[in-house]
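Here's the letter readout for the chains.
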Amino acid sequence: MERNYEGVDIVIVGAGLAGLTTALSLHRLGLRSLVLESSERLRITGFALTLWTNGWRAMDAVGIGNSLRQRSTQMKGLKIASPDTGLFTSETALDKDGKFEGYESRCVRRKDLLETLVNELPPGTIRYSSKVATIDELGRFKLVHLADGSILKTKVLIGCDGVNSVVAKWLGLGTPVSVGRSAIRGLVEFPNGTGFDPMFHVKFGGGVRFGFLPIDEKTGFCCDLIDEEDWPENPIKMKQFVLSQIDKMPEEAQNVVERTPLDKLSCAQLKFRLPWNVLFGNIVKNNVCVAGDALHPMTPDIGQGGCSSLEDSVVLGRCLGEAFLKKSNEEDDEFERIEKGLEKYRKDRRWRSFRLISVAYCVGFIQESKGKMMSFLRKVWFSSYTANAFLKMANFDCGDLVL
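I will try to describe carefully the structure that is included in this document. Just so you know, these numbers come straight off a predicted model, no measurement behind them. (Residues numbered from 1 in each chain as written. Predicted model: local features only at pLDDT ≥ 70, side-chain atom pairs only at ≥ 80, totals over all residues. Heavy atoms only, no water.)

## Concerning the overall build of the protein
Looking only at helices and strands, one finds 11 helices and 17 strands in the protein. Residue burial in the protein is summarised as follows: out of 403 residues, 55% are buried. Considering only contacts in the protein between residues 6 or more positions apart, those separated by 24 or more positions represent 76%. (Helix = DSSP H or I, 4+ residues; strand = E, 2+ residues; numbered from the N terminus. Buried < 20%, exposed > 50% of the residue type's maximum accessible area, 1.4 Å probe, protein only. Contact = heavy atoms within 4.5 Å.)

Take a look at the structure:
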(Lines give C-alpha, C1' and ligand atoms only; values in the text may rest on other atoms or scores of the structure.)
Protein backbone atom coordinates (compact mmCIF):
# COMPACT_ATOMS: atom_id res chain seq x y z
CA MET A 1 0.00 0.00 0.00
CA GLU A 2 1.33 3.41 -0.97
CA ARG A 3 2.21 5.60 2.00
CA ASN A 4 1.39 9.30 2.31
CA TYR A 5 4.49 11.45 2.68
CA GLU A 6 4.75 15.13 3.35
CA GLY A 7 7.15 16.58 0.81
CA VAL A 8 9.67 19.19 1.99
CA ASP A 9 12.68 20.35 -0.03
CA ILE A 10 15.00 20.88 2.95
CA VAL A 11 14.59 19.37 6.43
CA ILE A 12 16.77 20.54 9.31
CA VAL A 13 16.84 18.46 12.48
CA GLY A 14 17.34 20.59 15.62
CA ALA A 15 16.26 24.14 16.47
CA GLY A 16 19.48 25.13 18.19
CA LEU A 17 22.03 27.70 17.07
CA ALA A 18 23.18 25.82 13.95
CA GLY A 19 19.72 24.72 12.88
CA LEU A 20 18.10 28.14 13.22
CA THR A 21 20.99 29.98 11.57
CA THR A 22 21.00 27.52 8.67
CA ALA A 23 17.27 28.05 8.22
CA LEU A 24 17.78 31.83 8.28
CA SER A 25 20.65 31.60 5.75
CA LEU A 26 18.37 29.69 3.39
CA HIS A 27 15.50 32.12 4.02
CA ARG A 28 17.72 35.09 3.12
CA LEU A 29 18.32 33.37 -0.23
CA GLY A 30 14.62 32.76 -0.79
CA LEU A 31 14.66 29.06 0.13
CA ARG A 32 12.21 27.60 2.59
CA SER A 33 13.17 24.87 5.04
CA LEU A 34 11.45 22.99 7.83
CA VAL A 35 13.18 22.79 11.23
CA LEU A 36 12.23 19.82 13.41
CA GLU A 37 12.58 20.32 17.16
CA SER A 38 11.92 17.47 19.57
CA SER A 39 11.01 19.79 22.47
CA GLU A 40 7.61 21.40 22.96
CA ARG A 41 9.10 24.88 22.76
CA LEU A 42 12.34 26.67 21.97
CA ARG A 43 15.00 24.91 24.03
CA ILE A 44 17.54 27.26 25.59
CA THR A 45 20.24 25.18 27.27
CA GLY A 46 23.05 27.19 28.79
CA PHE A 47 22.94 30.85 29.70
CA ALA A 48 25.39 32.70 27.48
CA LEU A 49 28.19 32.22 24.99
CA THR A 50 31.19 34.21 23.89
CA LEU A 51 31.30 35.07 20.21
CA TRP A 52 34.50 36.13 18.47
CA THR A 53 35.22 37.94 15.21
CA ASN A 54 34.29 35.01 12.98
CA GLY A 55 30.97 34.53 14.78
CA TRP A 56 30.04 38.20 14.38
CA ARG A 57 30.95 38.11 10.70
CA ALA A 58 28.62 35.14 10.25
CA MET A 59 25.81 36.92 12.11
CA ASP A 60 26.33 39.98 9.92
CA ALA A 61 26.00 37.71 6.88
CA VAL A 62 22.49 36.66 7.99
CA GLY A 63 21.58 40.16 9.16
CA ILE A 64 21.35 39.89 12.96
CA GLY A 65 24.75 41.18 14.13
CA ASN A 66 23.88 44.80 14.84
CA SER A 67 20.81 44.11 16.99
CA LEU A 68 22.85 41.79 19.24
CA ARG A 69 25.81 44.18 19.48
CA GLN A 70 23.49 46.65 21.19
CA ARG A 71 22.97 44.12 24.00
CA SER A 72 26.58 43.09 24.60
CA THR A 73 29.92 44.55 25.69
CA GLN A 74 33.08 44.44 23.59
CA MET A 75 35.90 42.67 25.47
CA LYS A 76 39.25 44.48 25.55
CA GLY A 77 41.60 41.89 26.99
CA LEU A 78 42.49 39.32 29.67
CA LYS A 79 43.05 39.86 33.39
CA ILE A 80 44.95 36.83 34.63
CA ALA A 81 45.14 35.74 38.26
CA SER A 82 48.19 34.14 39.83
CA PRO A 83 47.60 30.43 40.56
CA ASP A 84 49.52 30.93 43.84
CA THR A 85 47.94 34.06 45.31
CA GLY A 86 44.68 34.21 43.34
CA LEU A 87 45.22 37.92 42.76
CA PHE A 88 45.02 39.48 39.32
CA THR A 89 48.68 40.05 38.52
CA SER A 90 48.76 40.64 34.78
CA GLU A 91 46.71 42.13 31.98
CA THR A 92 46.96 41.29 28.31
CA ALA A 93 45.20 43.43 25.73
CA LEU A 94 43.52 41.56 22.95
CA ASP A 95 45.28 42.33 19.68
CA LYS A 96 47.79 44.63 21.38
CA ASP A 97 50.01 44.49 18.28
CA GLY A 98 47.20 45.37 15.88
CA LYS A 99 47.58 42.16 13.84
CA PHE A 100 43.87 41.38 13.73
CA GLU A 101 42.09 44.43 12.38
CA GLY A 102 38.42 44.62 13.29
CA TYR A 103 38.48 41.89 15.95
CA GLU A 104 35.38 41.46 18.09
CA SER A 105 34.73 39.50 21.25
CA ARG A 106 31.43 39.80 23.08
CA CYS A 107 29.37 37.59 25.36
CA VAL A 108 25.67 37.27 24.48
CA ARG A 109 22.73 35.67 26.23
CA ARG A 110 21.83 32.45 24.47
CA LYS A 111 18.14 33.32 24.88
CA ASP A 112 18.62 36.66 23.08
CA LEU A 113 20.50 35.00 20.23
CA LEU A 114 18.02 32.17 19.63
CA GLU A 115 14.96 34.40 19.93
CA THR A 116 16.48 36.87 17.48
CA LEU A 117 16.95 34.05 14.96
CA VAL A 118 13.39 32.76 15.47
CA ASN A 119 11.91 36.24 15.01
CA GLU A 120 13.64 36.57 11.62
CA LEU A 121 12.20 33.29 10.29
CA PRO A 122 8.84 32.95 8.50
CA PRO A 123 5.96 31.56 10.58
CA GLY A 124 5.78 27.78 10.45
CA THR A 125 9.49 27.25 9.87
CA ILE A 126 9.90 25.41 13.20
CA ARG A 127 7.82 22.35 14.02
CA TYR A 128 7.98 21.54 17.72
CA SER A 129 7.35 18.16 19.40
CA SER A 130 8.87 16.51 16.32
CA LYS A 131 11.34 13.86 17.37
CA VAL A 132 13.12 11.93 14.63
CA ALA A 133 12.78 8.17 15.09
CA THR A 134 14.46 6.75 11.98
CA ILE A 135 15.81 7.78 8.60
CA ASP A 136 15.19 5.79 5.42
CA GLU A 137 15.73 6.20 1.69
CA LEU A 138 13.26 6.27 -1.16
CA GLY A 139 15.22 6.45 -4.35
CA ARG A 140 17.22 9.66 -4.10
CA PHE A 141 14.93 11.15 -1.46
CA LYS A 142 15.33 10.73 2.29
CA LEU A 143 12.39 9.69 4.45
CA VAL A 144 12.37 11.14 7.95
CA HIS A 145 10.13 9.10 10.26
CA LEU A 146 8.90 11.02 13.30
CA ALA A 147 7.91 9.56 16.65
CA ASP A 148 4.27 10.54 16.06
CA GLY A 149 4.13 8.29 12.99
CA SER A 150 4.32 11.01 10.33
CA ILE A 151 6.87 10.77 7.52
CA LEU A 152 8.65 13.59 5.69
CA LYS A 153 10.06 13.10 2.19
CA THR A 154 12.96 15.47 1.55
CA LYS A 155 15.59 16.34 -1.02
CA VAL A 156 18.08 17.50 1.64
CA LEU A 157 18.47 16.38 5.25
CA ILE A 158 20.64 18.46 7.58
CA GLY A 159 21.52 17.28 11.08
CA CYS A 160 21.90 20.13 13.54
CA ASP A 161 20.81 17.95 16.42
CA GLY A 162 23.76 18.34 18.74
CA VAL A 163 26.30 16.06 20.36
CA ASN A 164 23.96 13.04 20.36
CA SER A 165 22.93 13.57 16.75
CA VAL A 166 20.59 11.03 15.14
CA VAL A 167 21.73 12.21 11.71
CA ALA A 168 25.43 11.86 12.57
CA LYS A 169 24.73 8.33 13.76
CA TRP A 170 22.98 7.55 10.46
CA LEU A 171 26.03 8.87 8.61
CA GLY A 172 28.22 6.52 10.64
CA LEU A 173 30.24 9.21 12.45
CA GLY A 174 31.98 8.09 15.64
CA THR A 175 30.28 8.88 18.93
CA PRO A 176 31.76 11.96 20.70
CA VAL A 177 33.95 11.06 23.66
CA SER A 178 34.31 12.58 27.13
CA VAL A 179 37.44 14.60 27.86
CA GLY A 180 37.17 13.80 31.58
CA ARG A 181 36.17 17.36 32.52
CA SER A 182 32.98 19.19 33.34
CA ALA A 183 31.86 22.80 33.08
CA ILE A 184 29.89 24.66 35.75
CA ARG A 185 28.29 27.80 34.32
CA GLY A 186 26.28 30.61 35.86
CA LEU A 187 24.49 33.85 35.04
CA VAL A 188 24.17 36.71 37.51
CA GLU A 189 22.37 40.06 37.43
CA PHE A 190 23.69 43.27 39.00
CA PRO A 191 20.80 45.80 39.13
CA ASN A 192 23.19 48.66 39.95
CA GLY A 193 25.74 47.65 37.34
CA THR A 194 28.49 45.01 37.34
CA GLY A 195 31.35 47.45 37.67
CA PHE A 196 33.51 44.95 35.74
CA ASP A 197 36.22 46.05 33.39
CA PRO A 198 35.40 44.87 29.85
CA MET A 199 37.85 42.00 30.23
CA PHE A 200 38.00 38.23 30.59
CA HIS A 201 38.92 37.64 34.25
CA VAL A 202 40.58 34.22 34.43
CA LYS A 203 42.52 31.88 36.70
CA PHE A 204 44.26 28.76 35.39
CA GLY A 205 45.83 25.72 37.00
CA GLY A 206 45.44 23.00 39.57
CA GLY A 207 42.92 21.07 37.50
CA VAL A 208 40.54 24.06 37.42
CA ARG A 209 39.94 27.08 35.23
CA PHE A 210 37.70 29.83 36.58
CA GLY A 211 36.60 32.94 34.74
CA PHE A 212 33.97 35.64 34.54
CA LEU A 213 33.14 38.52 32.22
CA PRO A 214 30.36 41.06 31.65
CA ILE A 215 27.63 40.47 29.09
CA ASP A 216 26.35 44.02 29.36
CA GLU A 217 26.37 46.74 32.02
CA LYS A 218 24.14 44.77 34.42
CA THR A 219 24.78 41.10 33.65
CA GLY A 220 27.75 38.83 34.21
CA PHE A 221 28.59 35.29 33.11
CA CYS A 222 30.91 32.93 34.94
CA CYS A 223 32.34 29.54 34.07
CA ASP A 224 34.35 27.02 36.03
CA LEU A 225 35.97 24.14 34.12
CA ILE A 226 36.96 21.31 36.43
CA ASP A 227 39.15 18.25 36.05
CA GLU A 228 36.35 15.80 36.88
CA GLU A 229 34.04 13.90 34.57
CA ASP A 230 31.10 13.26 36.86
CA TRP A 231 29.84 16.09 39.02
CA PRO A 232 26.60 15.93 41.06
CA GLU A 233 23.89 18.12 39.56
CA ASN A 234 23.31 19.86 42.87
CA PRO A 235 23.52 23.65 42.53
CA ILE A 236 24.36 24.14 46.22
CA LYS A 237 27.35 21.80 45.95
CA MET A 238 28.35 23.43 42.67
CA LYS A 239 28.46 26.86 44.25
CA GLN A 240 30.31 25.59 47.32
CA PHE A 241 32.89 23.86 45.15
CA VAL A 242 33.55 26.92 42.98
CA LEU A 243 33.88 29.16 46.04
CA SER A 244 36.38 26.72 47.56
CA GLN A 245 38.52 27.00 44.44
CA ILE A 246 38.62 30.79 44.39
CA ASP A 247 38.91 31.57 48.11
CA LYS A 248 42.17 33.47 47.50
CA MET A 249 40.79 35.53 44.65
CA PRO A 250 39.63 39.15 45.08
CA GLU A 251 36.20 39.86 46.55
CA GLU A 252 35.01 40.88 43.08
CA ALA A 253 35.43 37.29 41.85
CA GLN A 254 33.87 35.69 44.92
CA ASN A 255 30.94 38.09 44.75
CA VAL A 256 30.10 36.93 41.21
CA VAL A 257 29.67 33.36 42.41
CA GLU A 258 27.94 34.19 45.70
CA ARG A 259 25.33 36.33 43.93
CA THR A 260 24.58 33.75 41.22
CA PRO A 261 21.08 32.31 41.88
CA LEU A 262 20.93 28.54 42.24
CA ASP A 263 18.52 28.28 39.30
CA LYS A 264 21.10 30.05 37.15
CA LEU A 265 23.77 27.39 37.68
CA SER A 266 24.27 24.41 35.41
CA CYS A 267 26.81 21.63 34.95
CA ALA A 268 27.65 19.55 31.89
CA GLN A 269 30.25 16.97 30.94
CA LEU A 270 32.57 18.13 28.17
CA LYS A 271 32.72 15.99 25.04
CA PHE A 272 34.45 16.29 21.70
CA ARG A 273 34.55 14.46 18.42
CA LEU A 274 37.89 12.86 17.70
CA PRO A 275 39.46 15.13 15.06
CA TRP A 276 40.29 12.29 12.66
CA ASN A 277 36.61 11.31 12.60
CA VAL A 278 35.91 14.70 11.03
CA LEU A 279 38.73 14.26 8.52
CA PHE A 280 37.96 10.71 7.44
CA GLY A 281 34.32 10.17 8.44
CA ASN A 282 31.15 10.91 6.50
CA ILE A 283 30.17 14.45 7.45
CA VAL A 284 28.33 14.49 4.11
CA LYS A 285 26.76 11.58 2.24
CA ASN A 286 24.86 12.31 -0.96
CA ASN A 287 22.08 14.68 0.16
CA VAL A 288 22.62 14.36 3.93
CA CYS A 289 25.03 16.37 6.10
CA VAL A 290 25.66 17.59 9.64
CA ALA A 291 26.51 21.01 11.07
CA GLY A 292 27.20 22.61 14.44
CA ASP A 293 27.72 20.31 17.41
CA ALA A 294 26.45 17.40 15.33
CA LEU A 295 29.57 17.90 13.20
CA HIS A 296 32.28 19.20 15.51
CA PRO A 297 31.52 19.06 19.25
CA MET A 298 34.55 20.61 20.96
CA THR A 299 35.68 21.81 24.35
CA PRO A 300 34.96 25.47 25.19
CA ASP A 301 38.60 26.40 25.77
CA ILE A 302 38.95 28.78 22.79
CA GLY A 303 35.31 29.90 22.64
CA GLN A 304 34.70 28.55 19.14
CA GLY A 305 31.82 26.09 19.55
CA GLY A 306 29.08 28.63 18.80
CA CYS A 307 31.20 30.63 16.36
CA SER A 308 32.01 27.61 14.21
CA SER A 309 28.32 26.61 14.19
CA LEU A 310 27.48 30.03 12.79
CA GLU A 311 30.20 29.61 10.15
CA ASP A 312 28.79 26.20 9.16
CA SER A 313 25.34 27.67 8.69
CA VAL A 314 26.41 30.46 6.36
CA VAL A 315 28.62 28.19 4.24
CA LEU A 316 25.91 25.52 4.06
CA GLY A 317 23.25 28.06 3.14
CA ARG A 318 25.41 29.42 0.34
CA CYS A 319 26.26 25.95 -1.02
CA LEU A 320 22.60 24.87 -1.05
CA GLY A 321 21.54 28.21 -2.49
CA GLU A 322 23.80 27.59 -5.46
CA ALA A 323 22.41 24.07 -5.85
CA PHE A 324 18.74 25.09 -5.82
CA LEU A 325 18.91 28.48 -7.54
CA LYS A 326 21.64 28.16 -10.17
CA LYS A 327 20.01 25.87 -12.69
CA SER A 328 22.02 25.84 -15.91
CA ASN A 329 19.43 24.22 -18.24
CA GLU A 330 16.19 22.25 -18.29
CA GLU A 331 18.01 18.91 -18.24
CA ASP A 332 20.18 19.88 -15.29
CA ASP A 333 19.80 17.27 -12.52
CA GLU A 334 18.80 18.90 -9.22
CA PHE A 335 20.03 16.03 -7.05
CA GLU A 336 23.45 16.17 -8.71
CA ARG A 337 23.64 19.89 -7.99
CA ILE A 338 22.69 19.21 -4.35
CA GLU A 339 25.39 16.56 -4.00
CA LYS A 340 27.99 18.87 -5.57
CA GLY A 341 26.92 21.68 -3.24
CA LEU A 342 27.22 19.51 -0.15
CA GLU A 343 30.58 18.18 -1.32
CA LYS A 344 31.74 21.79 -1.56
CA TYR A 345 30.49 22.33 1.99
CA ARG A 346 32.39 19.23 3.17
CA LYS A 347 35.66 20.43 1.67
CA ASP A 348 35.19 23.89 3.17
CA ARG A 349 34.39 22.72 6.73
CA ARG A 350 36.42 19.53 7.18
CA TRP A 351 39.88 20.98 7.86
CA ARG A 352 38.50 24.04 9.64
CA SER A 353 36.62 21.77 12.06
CA PHE A 354 39.67 19.55 12.53
CA ARG A 355 41.85 22.52 13.53
CA LEU A 356 39.31 24.02 15.91
CA ILE A 357 38.67 20.73 17.75
CA SER A 358 42.41 20.03 18.05
CA VAL A 359 43.45 23.49 19.23
CA ALA A 360 40.60 23.70 21.76
CA TYR A 361 41.56 20.35 23.27
CA CYS A 362 45.27 21.24 23.52
CA VAL A 363 44.60 24.67 25.02
CA GLY A 364 42.29 23.17 27.63
CA PHE A 365 44.81 20.47 28.50
CA ILE A 366 47.55 23.04 29.17
CA GLN A 367 45.26 25.47 31.00
CA GLU A 368 43.99 22.98 33.54
CA SER A 369 46.76 20.41 33.88
CA LYS A 370 48.49 19.93 37.21
CA GLY A 371 52.22 19.63 37.87
CA LYS A 372 55.24 21.90 38.13
CA MET A 373 56.15 21.79 34.44
CA MET A 374 52.67 22.85 33.33
CA SER A 375 52.59 25.58 35.98
CA PHE A 376 55.93 26.88 34.71
CA LEU A 377 54.71 26.91 31.09
CA ARG A 378 51.58 28.81 32.06
CA LYS A 379 53.60 31.44 33.93
CA VAL A 380 56.30 32.15 31.37
CA TRP A 381 54.54 31.51 28.09
CA PHE A 382 50.90 30.55 28.07
CA SER A 383 49.35 33.78 29.34
CA SER A 384 50.72 35.78 26.42
CA TYR A 385 49.97 32.94 24.00
CA THR A 386 46.31 32.60 25.03
CA ALA A 387 45.07 35.93 23.65
CA ASN A 388 46.95 35.42 20.40
CA ALA A 389 45.58 31.88 20.01
CA PHE A 390 42.00 33.09 20.54
CA LEU A 391 42.38 35.84 17.96
CA LYS A 392 44.18 33.69 15.43
CA MET A 393 41.47 31.01 15.42
CA ALA A 394 38.78 33.72 15.31
CA ASN A 395 40.40 35.56 12.39
CA PHE A 396 38.29 33.75 9.82
CA ASP A 397 35.65 34.95 7.41
CA CYS A 398 33.04 32.44 6.23
CA GLY A 399 31.94 34.89 3.52
CA ASP A 400 28.62 36.42 2.57
CA LEU A 401 25.47 34.77 1.31
CA VAL A 402 25.79 36.35 -2.13
CA LEU A 403 25.69 33.66 -4.83
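Continuing now.
## With respect to the packing of aromatic side chains
Scanning the model with the defined rule gives 8 aromatic pairs in all. Taken together, a centroid distance of 5.4 Å and an interplanar angle of 75 degrees make the contact between F190 and F196 edge-to-face. Look at F190 and you get buried, because its relative accessible area is 5%. Measuring from centroid to centroid gives 5.1 Å for F272 and Y361, while their planes differ by 15 degrees, and the two rings are stacked. Of this pair, F272 sits in strand β15 (residues 265–272) while Y361 sits in helix α10 (residues 334–368), and the two are 89 residues apart along the sequence. By relative accessible area, Y361 is classed as partly exposed at 35%. Taken together, the aromatic side chains of F88, F190, F196, F210 and F212 make up a single cluster linked through ring pairs. (Phe/Tyr/Trp six-rings, centres within 6.5 Å; stacked < 30°, edge-to-face > 60°.)

## Topic: the nonpolar core
Core analysis: the largest hydrophobic core is formed by 101 residues, its most contacted members being L51, L113, I158, V290 and Y345. With 9 residues, helix α9 (residues 305–325) is the largest single contributor of residues to this core. Those residues within four positions of Y345 in sequence are excluded, and the remaining contacts are V284, C289, V290, A291, L295, D312, V315, L316 and C319. Membership of the second largest hydrophobic core comes to 20 residues, among which are I184, V256, V257 and C267. (Core = buried A, V, L, I, M, F, W, Y, C linked by side-chain atoms within 4.5 Å.)

## Some points on the environment of W52
Positionally, W52 belongs in strand β3 (residues 48–52). Separated by 22 residues in the primary sequence, W52 and Q74 have C-alpha atoms spaced 9.9 Å apart. Residues contacting W52, with those up to four places away along its chain left out, are L94, E104, S105, F200, I302, G303, Q304, C307, F390, L391 and A394.

## Observations concerning the sheet that holds strand β5 (residues 88–93)
Strand order in this open sheet of 7 strands is β5-β4-β12-β13-β14-β11-β15, and the pairing throughout is mixed. Across the chains shown, the open sheet's two edge strands, defined by having one partner strand only, are β5 and β15. On average, each strand axis in the sheet is inclined to that of its neighbour by 20 degrees, with strand direction left out of account. Bridging between strand β4 (residues 77–81) and strand β12 (residues 199–203) involves 5 bridges; their strand directions are parallel. Bridged to K79 within β12 is H201. Together, β11 (177–189), β12, β13 (208–216), β14 (219–226) and β15 form the strand contacts of helix α6 (residues 235–245), whose direction differs from that of β15 by roughly 75 degrees. Across the sheet, helix α7 (residues 251–258) touches β5, β11, β12, β13 and β14, and the angle it forms with β13 is around 80 degrees. (Pairing = 2+ DSSP bridges. Axes fitted to C-alpha atoms, helices over the stretch in contact; angles between N-to-C directions.)

## Let's talk about the environment of M59
Here M59 is to be found in helix α2 (residues 53–62). Classification of M59 as buried rests on a relative accessible area of 0%. As for M59 and T21, which are separated by 38 residues in sequence, their C-alpha atoms are 8.5 Å apart. Beyond its immediate stretch of four places on either side in the chain, M59 contacts L51, I64, G65, L68, L113 and L310.

## Quick look at the pairing of β5
Taken together, the 5 bridges between β4 and β5 define a ladder with antiparallel strand orientation. Of the residues in β5, the one forming a bridge with L78 is T92. The turn joining β4 and β5, which pair antiparallel and follow one another in sequence, is formed by 6 residues; a positive phi near 80 degrees is taken by G86.

## Re α7
The set of residues buried in α7 consists of A253, V256 and V257. Buried residues of α7, seen end-on, are gathered within an arc of 95 degrees and therefore sit on one face of the element. (Arc of directions from axis to C-beta.)

## Notes on the pattern of salt bridges
Counting across every chain of the model gives 25 salt bridges. Its salt-bridge partner being R127, residue E6 comes within 2.9 Å of it at the nearest N-O pair. Of this pair, E6 sits in strand β1 (residues 6–13) while R127 sits in strand β7 (residues 126–127), and the two are 121 residues apart along the sequence. Judged by relative accessible area, which is 29%, R127 ranks as partly exposed. A salt bridge links R346 to E343; the nearest nitrogen and oxygen atoms lie 2.5 Å apart. Residue R346 and its partner E343 are located together in helix α10, separated by 3 residues, close to a single helical turn. Look at the salt bridges and you will find they share partners, linking R71, R109, D112, E189 and D216 into a network. (Salt bridge = Lys/Arg side-chain N within 4 Å of Asp/Glu carboxyl O.)

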